[in-house]
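Chain by chain, the residues run as shown.
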Amino acid sequence: MLYVFKEGWSTFKSIFTGMGVTIRHFFSPSVTEKYPYEKIELPKGARAKLHVNIDDCIGCNLCARACPVNCIDIETVKATDDVDLGKTSTGNPKRFWLTRFDIDMAKCMYCDLCVHPCPTNCIYMVPEYEYSEVDRSNLVYHFSNLKPEMVAEVKEKAEQEAEQKKRERQEMMRKKAEAAKKKKEEQEKKQAEAKKSSNKNDNDKPSTPGKKDS
Amino acid sequence: MELTTILFYFFSIATIGAAAVMVFSKNIVHSAFALMFSLIGVASLYVLLYADFIAATQLLVYVGGILILILFGVMLTTQGRSFDYKTITVNLVPASILSLGVAALLIFVFVKTDWMISEVAEPDQTIYDLGMLLMGDYVLPFIIAGVLLLIAIIGAILMATRLSSQSIKNENIE
Amino acid sequence: MINFAANTTYTLPILVHAAVPLTIIVVYALVAIWGERKVAGFIQDRLGPMHVGRWHGWAQSIADLLKLLQKEDIVPKDASRFLFKFAPFMMFAASYAAFAVIPFSSGYIGSNINIGVFYLLAVTSLLTLSIIMAAWASNNKWSLLGGMRSAAQMVSYEVPTIATVLTVIVVAGSLNLMTITEMQAGNDILGFLPNWLIFQNPFLIVAFIIFFISILAEAHRVPFDLPESESELVAGYQTEYSGIRWAMFMLAEYADMLLLSLLGAVLFFGGWNSPFGDFMSGPFWEFFWFMLKGLLLVFVMMWIRWTLPRYRVDQLMHICWGILIPLSFINLVLVALWEVIF
């Protein structure tokens, strides 16, 4: 009998304790963030979305190589001699046209590995997380600021220059080869003369055979 | 036609119709629910007769108590995998002869009796009078009925406890 | 008495008279469903619905109702069609019919009958039956389990409810809810306390606690919500229902909750009597006080819902048959003794 009363008392006590806790919470302010209307600031170093400051990029391809899922796709074209692409804000000279710099955020796994190799700190995470898309292909972000016709022009120019350089080099090579040939002939001539003279004079030393001319 | 008359015929037909469904339905749960409609119809008829206490008692005891126990029993005791609450008809010929005979007798009595017809009088206090009668003139039948129910309850408890203690013993032996 | 008009020209006024509780129920249900979500939110340090209707999402229930009205009305293939379709309306009709004897103010009561409380308890027993009907007709094992639990629970908890109502009737000496309310008028106890029954007899406080626990069980509220426990029985008898039929169930449940709370307010807290004597009395204020008392009890029910876990079936039965019923009968005797002595 006593046990029943004890048990009943403890039941009531626990119920009222619990109800006291809930009523305290009833009057305490809520912790809800009304999300679409107010957003909490992401903590420092949050990995949310990749961004490239294309003006600072030197096209070194280090980030693409660091990416474990190959979500960064870079295509560069060497700048021709007549244009000066300027320098980055960190002082590195830019030598490439960036004809393509695509990041596929659908593939990205937010590992942050591409951020650290960048010599000019131009690729980094931005606290922007509302970028869901209906079509997955919309998640590929194009950072290159060259217009398509510009890309074509640049490519053509670069090709021409490359062609020209190749031709120049070939010319040079040819000239070099001719020069080398001439020299060789001369040398042979000399040697022949020397032989003649050495035949006359056996004590004379032979001249060095592989003497170069540059 | 007065509203009361319309309601009377409506509830009468509902009561009889539900009773017929209860008897002829193949599904025992359907029968039980038809019984519910029938009992509610009877309660409504009591209301039309200004017998409000009886009407509420009808609802509370028959619909709220006994019928729920019937349904509970039907659903609990049906064994097996399928929920197949079928009723079967046995002794069709003698049963129909007997019921037709009873019906004929009732109709005969109903027609032959010289019914005393009185004006409808709305009583002020039904429960006061009922209580005085139950505790005054009819106290003996009232108490006997109570004792009878008590005996039934004690008997049921005794049977239940004996059964369960036996089964517990059997379990212990096993 | 239930008085049907002899002449059919009175039919329209009777219908209007009868529609008053319906309006109260529907408006209350919309407010209470929203309120329950807000209470749940606040207790869990959230905000609850905030969007629909600008100010604290007040129009959320209306939006939900419109959604439910548009939803498809699905009847399972193997269900018992008539009973399945009929059950929600019977349940709502039962809880609505019980409002007929609730005295909303000194100026309005649906039907001022002598057997008020008895009628109310009789009609609410139909709720159990409609739940069993829905449960069985759904032809679903969860529903059936919920229906069985509901039947066992309601049949058991009707006993302490009736026993505690009986204690009040012993003190009040009437079954008529209007009379019970009228005799609680005035502020005489200790000079300032209102003459409410709960202050008139110390054992009625115990009776009120038992009554409140029982109505929690009768209205299927936590911690006694076993028949519809959404986490184990997937809402029990409501599992197969959708659209407007489900809405009827919801409406009936909230109506039942309000009905039993209002009954508690009448029986223990003076019904429509103002707690300040003649101050703020009159038909409208009486309605205000009555609804306030009822809604406070509803709020306590919600508060308990978001505090306590659910009981097990055997614990539920033990609480009823082992504790509440003996206690309520002992209490009945003590209340009667107190009334005889003082």
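Rules used throughout
- Residues numbered from 1 in each chain as written.
- Chains lettered and ligands numbered in written order.
- Predicted model: local features only at pLDDT ≥ 70, side-chain atom pairs only at ≥ 80, totals over all residues.
- Helix = DSSP H or I, 4+ residues; strand = E, 2+ residues; numbered from the N terminus.
- Rg over C-alpha atoms; globule rule 2.2 N^0.38 Å.
- Buried ≥ 20, exposed ≤ 12 C-beta atoms within 10 Å, placed from the backbone.
- Contact = placed C-beta atoms within 7 Å.
- Axes fitted to C-alpha atoms, helices over the stretch in contact; angles between N-to-C directions.
- Parallel < 35°, antiparallel > 145°, perpendicular 65-115°, else oblique.
- Left-handed = near helix turned anticlockwise from the far one by under 90°.
- Nonpolar A, V, L, I, M, F, W, Y, C, P; charged D, E, K, R; others polar.
- Pairing = 2+ DSSP bridges.
- pLDDT = per-residue confidence, 0-100.
- Expected span 1.5 Å × (residues − 1).

This brings us to the overall build of chain A. Per the secondary structure count, chain A includes three helices and five strands. For chain A, the α and β elements follow one another from N to C terminus as α-β-α-β-β-β-β-α. Taken against the 2.2 N^0.38 rule, which gives 17 Å for 214 residues, the C-alpha radius of gyration of chain A at 38 Å runs more than 25% over that of a compact globule. Looking at chain A as a whole, 9% of its 214 residues qualify as buried.

Helix and strand counts for chain B come out as six helices and zero strands. Shown N-terminal to C-terminal, the secondary structure of chain B runs as helices and strands in the order α-α-α-α-α-α. When burial is assessed residue by residue, chain B has 17% of its 174 residues classed as buried. When contacts within chain B are restricted to residue pairs at least 6 apart in sequence, long-range pairs at least 24 apart make up 58% of them.

Turning next to the packing of helix α9 (residues 243-268) of chain C against helix α10 (residues 283-305) of chain C. All names here are of chain C. Close contact between α9 and α10 brings their axes to 8 Å; oriented N to C, the two are set at 120°. Here α9 lies oblique to α10, going by the angle between them. With respect to the hand of their crossing, α9 and α10 are arranged in right-handed fashion. Contacts from M257, L258, S261, L262, G264 and A265 of α9 reach α10 at F290, K293, G294, L297, V298 and M301. Of the residues belonging to the contact of α9 with α10, the class tally is eight nonpolar, three polar and one charged.

This paragraph deals with the sheet that holds strand β3 (residues 96-104) of chain A. Residues and elements named next belong to chain A. In spatial order, the strands read β2-β3-β5; together these three strands make up an open sheet with antiparallel pairing. Whereas interior strands pair on both sides, the edge strands pair on one side only; in this sheet they are β2 (72-78) and β5 (140-142). Between one strand axis and the next, the sheet turns through 15° on average, direction left out of account. Relative to β3, β2 is paired through seven bridges, and the arrangement is antiparallel. The residue bridging V77 from the neighbouring strand is W97, located in β3.

All right, on to the interface of chain C and chain A then. Contacts between chain C and chain A engage 11 residues on the former and 12 residues on the latter. Contributions of two or more residues to the side of chain C that touches chain A are made by α1 (11-43) and α10 of chain C. By residue class, the composition of the side of chain C that touches chain A is eight nonpolar, one polar and two charged.

Confidence in the prediction for chain A averages 81 pLDDT; 93% of positions are at 70 or higher. For chain A, the element scoring lowest by mean pLDDT is helix α3 (residues 148-200) of chain A, at 82; helix α2 (residues 62-66) of chain A scores highest, at 87.

Another aspect to go through is the environment of G294 of chain C. All names here are of chain C. By the element assignment, G294 lies in helix α10. Sequence separation between G294 and A265 is 29 residues; the distance between their C-alpha atoms is 5.8 Å. In this view, G294 contacts L258, S261, L262 and A265; residues no more than four positions away in its chain are not counted.

The next thing to look at is the environment of G18 of chain A. Structurally, G18 of chain A is set in helix α1 (residues 2-27). Every residue in contact with G18 of chain A, bar those within four places of it in the chain, is listed here: T307 and L308 of chain C.

All names here are of chain A. With phi around 55°, N70 is a residue other than glycine that occupies positive phi space. You will see that D112, though not glycine, has its phi angle at about 75°, which is positive. The residue D112 is located in the loop between β3 and β4 (123-126) in this model. Residue D112 is classed as partly exposed on the basis of its C-beta count, with 13 C-beta atoms lying within 10 Å.

Each partner contributes residues to the interface: chain C has 29 residues there, and chain B has 25 residues. Of all elements in the fold, only α4 (116-137) and α5 (141-172) of chain C reach the threshold of two or more residues within the side of chain C that touches chain B. By residue number, the principal contributor to the side of chain C that touches chain B is α4 of chain C, which donates 12 residues. Residues that form the side of chain C that touches chain B fall into these classes: 24 nonpolar, five polar and no charged.

All names here are of chain B. With 84% of its residues at a pLDDT of 70 or more, chain B has an overall mean of 81. Of all helices and strands in chain B, the one with the weakest mean pLDDT is helix α6 (residues 139-173) (79), whereas helix α4 (residues 92-112) scores best (90). Taken together, the chains of this predicted complex give a pTM of 0.76 and an interface ipTM of 0.78.

We now examine α9 of chain C. Residue and element names in this part refer to chain C. The end-to-end C-alpha separation of α9 is 38 Å, in line with the 38 Å expected for 26 residues at 1.5 Å each. Burial runs high along α9: 21 of the 26 residues are buried. Just downstream of α9, G270 is the residue with a positive phi angle, here 75°.

A few words now on the pairing of β3 of chain A. As defined by bridge partners, β3 of chain A adjoins β5 of chain A across three bridges and the pair is classed as antiparallel. Of the residues in β5 of chain A, the one forming a bridge with D102 of chain A is H142 of chain A.

Let us now look at α1 of chain C. Along its 33 residues, α1 of chain C runs 47 Å from first to last C-alpha, staying within 8% of the 48 Å computed at 1.5 Å per residue. Within α1 of chain C, the full set of buried residues consists of P21, I25, Y28, A29, A32, W34, E36, K38, V39, G41, F42 and I43 of chain C. Looking at the packing, one finds that the buried side of α1 of chain C touches α1 of chain A together with α2 (60-70), α3 (81-98), α9 and α10 of chain C. D45 of chain C, located one to two residues past α1 of chain C, shows a positive phi value of around 60°.

Let's shift gears to the packing of helix α8 (residues 203-218) of chain C against helix α11 (residues 313-341) of chain C. Residues and elements named next belong to chain C. Between α8 and α11, the least distance of the axes is 9 Å, while the angle of their chain directions is 150°. Put simply, α8 runs roughly antiparallel to α11. Along this stretch, α8 crosses α11, giving a crossing that reads as left-handed. Within the contact between the two elements, α8 uses F203, L204, V206, A207, I210, I213 and S214 and α11 uses L324, L327, S328, N331, L334, V335 and W338. The class makeup of the residues in the contact of α8 with α11 is 11 nonpolar, three polar and no charged.

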